[in-house]
Amino acid sequence: MSNASKFGKVAVLLGGKSAEREVSLDSGTAVLEALVRSGINAEAFDPQERSVTELINYDRAFVVLHGRGGEDGQIQGALEWLNIPYTGTGVQGSAIGMDKVKTKQVWQGSELPTAPYRIVTKNSNAQEIVSALDLPLIIKPVHEGSSIGMSKVEKVEDFADAIAKATEHDAVVMAEKWITGREFTVVILNGQALPVIRLQPPEDVAFYDYEAKYQRNDVEYGIPCGLSESEEKELQALALRAFQVVGASGWGRIDAMQDEQGKFWLLEVNTVPGMTSHSLVPKAAAAIGYSFDTLCVAILEQTLNGTAH
């Protein structure tokens, strides 16, 4: 690529210290290799191993740090302090997007559909929570991604164990009403909703969990997604709105469910989605003609045209 020099020296931020470190290393390595193949002067930068002050030696940053420290506004704040343009969502949108409760509050305030929930602790009355949300329900750490620490609860007796598992990862835990139906994801790239993907884990998996996301090869990804044309357009419009109201920008992903009555429910926003061989962003981009390399360059170009930070 003859104009690769316009990017200058690029730091690919990867690794970090969150529970998603290993996935971030995989994603970041894939992005780094794609940028280098495209002729861009890019280097890996792991903030766990180097001081972020060294970023002053780079012209821009491609953020592939998943989870806390990378997806919650912390690294974005450091980059803004150093006046280094970076890919994706800014400080505030990152902070909201990493917090499942704040995300839900913003969506509810914007009259967007998201499942009922309660913040819970180990002292919560299981029967009261079940009365409010019904069974089954799902217990989630509020500030984790990649389905880490999540459990489906089908019996009141399992409630305490699910909270204990979640609190290993986060001080704040939520119970959320279980939506029975089909799961979809919508990738957002440069203000456009890409073709919807249907996620279909195998029968022995309760939900699209960490193992299904990164380790199994028997998850089905449907493109086309099986929705009617009008339903797909409805979900794409809903996802774009959900992405925008939390303050997300550049690129990302919205996960959603369609219940058995056909209604869509928003699950969460991912402001630094995975970029591994199993990941959903490259699959959606491939459906509209992007190779992995052109996708990575397109995301990096956000740092030139003002759509990133």
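Because the structure is a prediction, the values reported are computed rather than measured.

Calculation notes
Residues numbered from 1 in each chain as written. Predicted model: local features only at pLDDT ≥ 70, side-chain atom pairs only at ≥ 80, totals over all residues. Heavy atoms only, no water. Salt bridge = Lys/Arg side-chain N within 4 Å of Asp/Glu carboxyl O. Helix = DSSP H or I, 4+ residues; strand = E, 2+ residues; numbered from the N terminus. Buried < 20%, exposed > 50% of the residue type's maximum accessible area, 1.4 Å probe, protein only. Arc of directions from axis to C-beta. Contact = heavy atoms within 4.5 Å. Axes fitted to C-alpha atoms, helices over the stretch in contact; angles between N-to-C directions. Parallel < 35°, antiparallel > 145°, perpendicular 65-115°, else oblique. Nonpolar A, V, L, I, M, F, W, Y, C, P; charged D, E, K, R; others polar. UniProt positions renumbered as here; feature names shortened; annotations may be inferred. Core = buried A, V, L, I, M, F, W, Y, C linked by side-chain atoms within 4.5 Å. Pairing = 2+ DSSP bridges.

S.K.: Got a sec to walk through the pattern of salt bridges? Specific residues and values, please.
M.R.: Taken as a whole and assessed by the stated rule, the structure comprises 13 salt bridges. A salt bridge links Arg21 to Glu49; the shortest N-O distance between them is 3.7 Å. Of this pair, Arg21 sits in helix H1 (residues 21-37) while Glu49 sits in the loop between strand S2 (41-45) and strand S3 (60-63), and the two are 28 residues apart along the sequence. For Arg21, a relative accessible area of 16% puts it in the buried group. Between Asp134 and Lys177 there is a salt bridge whose closest N-O contact spans 3.7 Å.

S.K.: So what's going on with helix H5 (residues 126-133)? Residues and values would help.
M.R.: Of all the residues in H5, the buried ones are Ala126, Ile129, Val130 and Leu133. What you see down the axis of H5 is that its buried residues fit within an arc of 100°, all on one side. Of the exposed residues in H5, those oriented more than 90 degrees away from the buried face are Glu128 and Ser131. In this structure, the buried side of H5 is in contact with strand S4 (117-120), strand S5 (137-141), helix H6 (159-167) and strand S7 (173-177).

S.K.: Residue-level account of the packing of H1 against helix H10 (residues 292-305), with values.
M.R.: Contact pair H1 / H10: the axes reach a minimum separation of 9 Å and the direction vectors enclose 90°. Regarding the angle of H1 to H10, the classification is roughly perpendicular. Along its contact with H1, which presents Ala30, Val31, Ala34, Leu35 and Arg37, the element H10 presents Phe292, Asp293, Cys296, Val297 and Leu300. Broken down by class, the residue content of the contact of H1 with H10 amounts to eight nonpolar, no polar and two charged.

S.K.: Go over the UniProt feature "binding site: Mg(2+) 2" (unreviewed entry) in the protein chain, please, and point to the residues and values.
M.R.: Here the UniProt feature "binding site: Mg(2+) 2" (unreviewed entry) sits at Glu268 and Asn270. Along the chain, Glu268 falls in strand S13 (residues 264-270). We classify Glu268 as buried; its relative accessible area is 14%. In this view, Glu268 contacts Lys100, Trp107, Lys140, Arg253, Ile254 and Asp255; residues no more than four positions away in its chain are not counted. You can call Asn270 buried: its relative accessible area is 11%.

S.K.: Tell me what's going on with the nonpolar core, and back it up with residues and numbers.
M.R.: Grouped together as the largest cluster of nonpolar side chains are 41 residues, with contacts concentrated most on Leu13, Leu35, Ile40, Leu55, Phe62 and Leu79. In terms of residue count, the dominant contributor to this core is H10 (five residues). In this structure, Leu35 is in contact with Val10, Val12, Ile40, Ala42, Phe62, Cys296, Val297 and Leu300, ignoring residues within four places of it in sequence. Counting residues in hydrophobic clusters, the runner-up holds 23 residues, among them Ile188, Cys225, Ala239 and Leu266.

S.K.: Outline the environment of Ser230, supporting the account with residue identities and numerical values.
M.R.: Mapped onto the elements, Ser230 comes out in helix H8 (residues 229-245). In the structure, Ser230 is positioned 55 residues away from Ala285 in sequence and 21 Å away in space, judged by C-alpha atoms.

S.K.: Describe the sheet that holds S5, naming the residues involved and giving the relevant values.
M.R.: Strand order in the open sheet made by the four strands is S4-S7-S5-S6, with antiparallel pairing throughout. Strand pairing shows two members of the sheet lacking a second neighbour, S4 and strand S6 (151-153), which therefore form its edges. Sheet twist, expressed as the mean angle between neighbouring strand axes with direction ignored, is 25°. With five bridges connecting them, S5 and S7 associate as antiparallel partners. For Ile138, the partnering residue across the bridge sits in S7 and is Glu176. Sheet strands touched by H5: S4, S5 and S7. Its angle to S4, the strand with the most contacts, is close to 165°. Against the sheet, H6 contacts S4, S5, S6 and S7, and its axis sits at roughly 25° relative to S5.

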